[in-house]
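Fold and geometry: a report
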Amino acid sequence: MKVAILSGSVYGTAEEVARHAANLLKAAGFETWHNPRATLADVQAFAPEAFLVVTSTTGMGELPDNLQPLYSTIRDQLPAAWRGLPGAVIGLGDASYGDTFCGGGEQMRELFGELAVREVLPMLRLDASESVTPETDAEPWLAELISALHG
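This is a predicted model, so every value here is computed, not measured.

Regarding the UniProt feature "domain: Flavodoxin-like" (unreviewed entry) in the protein
Look at the UniProt record and you will see "domain: Flavodoxin-like" (unreviewed entry) annotated at residues 3-146. Helix makes up 40% of residues 3-146 and strand 21%. Its end C-alpha atoms lie 11 Å apart.

Things to note about the packing of helix H1 (residues 13-27) against helix H6 (residues 139-150)
Running from N to C, H1 and H6 cross one another at 45°; their axes reach a closest spacing of 11 Å. As the angle between them shows, H1 and H6 are arranged oblique. Handedness of the H1/H6 crossing: right-handed. Residues His 20, Ala 21, Leu 24 and Leu 25 of H1 lie in contact with H6, whose contacting residues are Glu 139, Leu 142, Ile 146 and Leu 149. Among the residues forming the contact of H1 with H6, the class breakdown is six nonpolar, one polar and one charged.

Describing the packing of aromatic side chains
Taken as a whole and assessed by the stated rule, the structure comprises three aromatic pairs. Taking the centre distance of 6.4 Å and the plane angle of 50° together, the rings of Phe 51 and Phe 112 count as tilted. Within this pair, whereas Phe 51 is found in strand E3 (residues 50-55), its partner Phe 112 is found in helix H4 (residues 103-115), the two being separated by 61 residues in sequence. Each residue in the set Phe 51, Trp 82 and Phe 112 is aromatic and connected to the rest through ring pairs, giving one cluster. Here Lys 2 stacks its cationic end above the ring of Phe 46, 4.8 Å away from the centre of that ring.

Details of the pattern of salt bridges
Following the criterion strictly, the structure yields five salt bridges and no others. Residue Arg 75 pairs with Glu 114 through a salt bridge whose shortest N-O separation is 3.2 Å. Here Arg 75, found in helix H3 (residues 68-77), pairs with Glu 114, found in helix H4; they are 39 residues apart in sequence, far enough to count as distant. Given a relative accessible area of 40%, Arg 75 falls into the partly exposed group. With a shortest N-O distance of 2.7 Å, Glu 119 and Arg 109 are connected by a salt bridge. One end of the pair, Glu 119, is in strand E5 (residues 118-119); the other, Arg 109, is in helix H4, with ten residues separating them in the sequence. Given a relative accessible area of 33%, Glu 119 falls into the partly exposed group. Connected through shared salt-bridge partners, Glu 106, Arg 109, Glu 119 and Arg 125 make up one network.

Observations concerning the packing of H3 against H4
Remark: H3 packs on H4, axes separated minimally by 10 Å, with the N-to-C direction vectors making an angle of 25°. Viewed along their axes, H3 and H4 adopt a mutual orientation that is roughly parallel. Along this stretch, H3 crosses H4, giving a crossing that reads as left-handed. In this structure, H3 contributes Tyr 71, Ile 74 and Arg 75 to the contact, and H4 contributes Gln 107, Met 108, Leu 111, Glu 114 and Leu 115. Grouping the constituent residues of the contact of H3 with H4 by class yields five nonpolar, one polar and two charged.

A short note on the nonpolar core
Grouped together as the largest cluster of nonpolar side chains are 25 residues, with contacts concentrated most on Leu 6, Val 43, Phe 51, Leu 70, Ile 74, Trp 82 and Met 108. Sorting the residues of this core by element identifies strand E1 (2-8), helix H2 (40-46), E3, H3 and H4 as the ones contributing at least two each. Sort the elements by how many residues they give to this core and H4 lands first, with four residues. Leaving out residues up to four positions away in the same chain, Met 108 has contacts with Val 53, Thr 55, Leu 63, Leu 67, Tyr 71 and Val 89.

Cut-off values and rules
Each chain carries its own residue numbering, running from 1 in the written order of its sequence. Two thresholds apply to this predicted model, a pLDDT of at least 70 for residue-level local features and 80 or more for giving and counting side-chain atom pairs, whereas whole-chain, interface and lining totals are computed over all residues. Heavy atoms from the whole structure form the basis of all side-chain values; hydrogens and water molecules are not counted. UniProt positions are given in the numbering used here, feature names are shortened, and annotations may be inferred rather than shown by experiment. Under the DSSP-based scheme used, a helix requires at least four consecutive residues in state H or I and a strand at least two consecutive residues in state E, with every element numbered from the N terminus. Between N-to-C directions, angles span 0 to 180 degrees; the directions come from axes that are lines fitted to C-alpha atoms, helices contributing only their stretch in contact. In what follows, roughly perpendicular refers to angles from 65 to 115 degrees, roughly parallel to angles under 35, roughly antiparallel to angles over 145, and oblique to any angle outside these ranges. For any helix crossing, the convention is left-handed if the near helix is rotated counterclockwise from the far helix by under a right angle, and right-handed if that rotation is clockwise. Note on contacts: a residue pair is in contact if any heavy atoms of the two residues lie within 4.5 Å. Classification convention: Asp, Glu, Lys, Arg as charged; Ala, Val, Leu, Ile, Met, Phe, Trp, Tyr, Cys, Pro as nonpolar; all other residues, Gly among them, as polar. Two aromatic rings, drawn from Phe, Tyr or Trp (for Trp, its six-membered ring), form a pair once their centres lie within 6.5 Å of each other, and the interplanar angle then sorts them: stacked below 30 degrees, edge-to-face above 60, tilted otherwise. Both a distance and an angle decide whether a charge sits over a ring: NZ of Lys or CZ of Arg must be within 6 Å of the ring centre and within 35 degrees of the ring normal. The term salt bridge refers to a pairing of a side-chain nitrogen on Lys or Arg with a carboxyl oxygen on Asp or Glu at a separation within 4 Å. Burial classes follow relative accessibility: with a 1.4 Å probe on protein chains only, a residue under 20% of its type's maximum area counts as buried, one over 50% as exposed, and anything between as partly exposed. Among buried residues, those of type Ala, Val, Leu, Ile, Met, Phe, Trp, Tyr and Cys that are joined through side-chain atoms within 4.5 Å constitute a nonpolar core.

Structure below.
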């Protein structure tokens with residue numbers, strides 16, 4: 001199965017988590033693709049069979065600048081080929097921001113809804129105020145994702 005990993009990062013932590021996820025997925029037998037500066041054409045050329053989004057959240061509760069153009073293009077075009085595909089989201093944020101905690105991840109979940117991408121696991125929320133090793137903290141959830149995608 002081909003898994004496209006889309007990431008948005010403010011300070012690089014989400015990209016580290018995305019790279020770690022790609023390595024774990026590859027080790028589990030998946031073909032992965034990750035490009036933090038991806039365009040819609042790049043993603044479509046890979047022809048994904050599943051999605052993983054790993055995104056941090058800006059202080060205003062928005063998607064990071066590097067993911068914003070891809071998000072907008074996908075939202076404008078809503079590729080029909082992605083309907084029904086499995087997907088999951090890892091949201092990174094800081095709970096001290098209250099209502100906007102993991103807001104970028106929530107935006108991607110809403111986009112999955114518009115695309116009819118099937119969310120196979122509830123979003124993993126990684127709290128920067130509690131986690132010093134988010135890539136390690138994501139491993140149990142990623143193991144569940146691997147099982148869900150194999151199933």
